[in-house]
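# Coordinate inspection notes
Each chain, letter by letter, is given below.
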Amino acid sequence: MKIGLVGYQGSGKSSLFHWLTGIEPDPAKAHEAQTAMAPIPEPRVAELCEIYSPKKITQAALEIVDTPGLDRSHEGSAARLAMIREASCLVVVVGAYDGTDAVADLTNFEDDLLIADLDIVAGRVTRLREQVKKPRPNRDELQKELAALEPLHEALEQGKPLRDLELTPEQLKATKSFQLFSEKPRLVILNISDDQDPASSIPAALAAANTVAVSVALQLELAGLDDAERTAFCEEMGVAVFDRDQLIRRIMEASKQMLFFTAGEKEVRTWLIPQGATAVDAAGSIHTDLAQGFIRAEVTQCADLVRLGSEREVKANNLLRQEHKDYVIQEGDILLIRHN
Ligand SMILES: Nc1nc2c(ncn2[C@@H]2O[C@H](COP(=O)(O)OP(=O)(O)OP(=O)(O)O)[C@@H](O)[C@H]2O)c(=O)[nH]1
Ligand SMILES: [Mg+2]
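Residues numbered from 1 in each chain as written. Chains lettered and ligands numbered in written order. Predicted model: local features only at pLDDT ≥ 70, side-chain atom pairs only at ≥ 80, totals over all residues.

### Description of the site of ligand 1
The line we're drawing: For each residue, a C-beta atom is positioned from the backbone; the residue is called near a molecule or strand if that atom sits within 6 Å of it. Helix and strand definitions here come from DSSP, where helices need a minimum of 4 consecutive H or I residues and strands a minimum of 2 consecutive E residues; each element is numbered from the N-terminal end. Three classes are used, and their members are as follows: Ala, Val, Leu, Ile, Met, Phe, Trp, Tyr, Cys and Pro are nonpolar, Asp, Glu, Lys and Arg are charged, and the others, Gly among them, are polar.
Every one of the 17 residues lining ligand 1 counts as a neighbour, but K13, S14, S15, G69 and A217 are closest to it. For the shell around ligand 1, the elements supplying multiple residues, two or more each, are α1 (13-21) and α8 (216-223). The greatest single-element share of the shell around ligand 1, amounting to three residues, is contributed by α1. For the shell around ligand 1, a count of residues per class yields five nonpolar, eleven polar and one charged.

Shown next, in the form of structure tokens:
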């Protein structure tokens, strides 16, 4: 699942990309989308490693995409919007380090996305209205699609993002191929200046939105220092390190994904799945064969295993559960898939 860093030009997307992934975007490719992985730190991996001493440790990672910024005058927007469409989750970066009115800037940006959505939905609704007037074999289906889209068309006209609505299965089906921006989950990052305090920098109007305030340039600089230099720098400048691991997990949650574990002497590993995924989905994310030959999942809670110290103790305490295909994966589950 692609996580798109999006926003207006110069808001700090490429700096954020560099900080999150450790990879500097190639300035020669600033007009293209650039991708890198950000490993998702999970402290429980170390606890599982103490139990298993595995030969190998593998951490799941987020796929982060740096996109070229939109121009406020909308020049060249079509191609840039097309790159943003590919992402399943948007991290909207608002440049608030130079005194820009963050609330107004975010509102403008989201309006730009909303208008692009409205164009698409309005176009489809107009075409469907024409089509259902004439008798044709698939008229019922077109009628259904129109009925699904009309309320969404209306919401967009009123400036309501679709993520705020509860979409029906028919509506989800009708919008799926459009990859509408306002339907995508999103997190807002206010890129504040070095001397602003992250704790008090989120305007009241954004408190309800999923918003994080951080000085990206400062944190990128701090990340490049060794421990001693960093401590000295922070003391001298009166600034603090922002927990990047926590931000990465926050982005994972915003993207409606979660981790599960597999653990043994060969490998301790975290895996990324959509929230609400089932045991057979999880099996499929490991290998398609595991989903096809799925018999059952043996599930342990990580906290139980860590507390008891061994699989044997977990079994002795009846804490190893046998779950079937439809079991919904829970936070902290360690899975062993039985298959043929
Ligand atoms: N003072 C300050 N300047 C920043 C900060 N973040 C970004 N900038 C400035 O903004 C410029 C652009 O930052 P980038 O990270 O490249 O911004 P971008 O969003 O990738 O820009 P585009 O790719 O052109 O849309 C940098 O060269 C910095 O001068 C910040 O936190 N503080
Ligand atoms: Mg950039």
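### Focus on unusual backbone geometry
Applicable threshold: Counting other C-beta atoms within 10 Å of a residue's C-beta gives its exposure: the residue is buried at 20 or more, exposed at 12 or fewer, and partly exposed in between, where C-beta atoms are placed from the backbone.
Although it is not a glycine, Q179 sits at a positive phi angle of roughly 50°. Within the secondary structure, Q179 sits in the loop between α6 (169-175) and β6 (186-191). Unlike most non-glycine residues, K256 shows phi in positive territory, near 60°. Within the secondary structure, K256 sits in the loop between α10 (244-254) and β8 (257-263). For K256, a count of 13 C-beta atoms within 10 Å gives the class partly exposed.

### Looking at the packing of helix α4 (residues 102-131) against helix α5 (residues 139-157)
A pair of packed helices is captured by two measures, namely the crossing angle of their axes and the spacing between those axes. Selection criterion: Geometry is summarised by axes, namely lines fitted to C-alpha atoms with helices restricted to the contacting stretch, and by angles between N-to-C directions that run from 0 to 180 degrees. Here is the rule for handedness: rotate from the far helix to the near one, and if that takes an anticlockwise turn smaller than a right angle the crossing is left-handed, while a clockwise turn gives right-handed. Whether two residues are in contact is decided by their C-beta atoms, placed from the backbone, lying within 7 Å.
For the pair α4 and α5, interaxial distance at closest approach is 9 Å and the crossing angle is 145°. Of the two possible hands of crossing, α4 and α5 adopt the one that is left-handed. Contact residues: α4 offers L114, D117, L118, V121, A122, R124, V125, L128, R129 and Q131, while α5 offers L142, E145, L146, L149, E150, L152, H153, L156 and E157. Residues belonging to the contact of α4 with α5 are distributed by class as follows: eleven nonpolar, two polar and six charged.

### Some details on the sheet that holds strand β7 (residues 211-214)
The following threshold applies: For two strands to be treated as a pair, DSSP must find no fewer than two bridges joining them.
Ordered in space as β2-β4-β1-β5-β6-β7, the six strands form an open sheet in which the pairing is mixed. The open sheet is flanked by β2 (34-39) and β7, the only strands paired with a single partner. For this sheet, the mean angle separating the axes of adjacent strands, direction not counted, is 25°. As judged from the six bridges shared by β2 and strand β4 (residues 61-66), these two strands associate in the antiparallel manner. Looking across to β4, one finds that Q34 is bridged to D66. Its contacts with the sheet put α10 on β1 (2-6), β2, β4, β5 (89-95), β6 and β7, and the angle it makes with β6 is roughly 145°.

### A word on the environment of L220
Following the sequence through the fold, L220 ends up in helix α8. The exposure class of L220 is partly exposed, given the 19 C-beta atoms found within 10 Å. Each C-alpha atom of the pair L220 and H18 lies 7.3 Å from the other, and the pair is 202 residues apart in sequence.

### Quick word on helix α11 (residues 279-286)
What sets the pattern is the α-helix's 3.6 residues per turn: residues three or four places apart point alike. This is how the line gets drawn: It is the directions from the helix axis to the C-beta atoms that the arc portrays.
By the burial criterion, the buried members of α11 are A279, A282 and A283. Burial along α11 is one-sided: seen end-on, the buried residues are contained in an arc of 100°. Next to the buried residues of α11 lie β8, β9 (267-274), α12 (288-292), β10 (294-301), β11 (321-323) and β12 (333-339).

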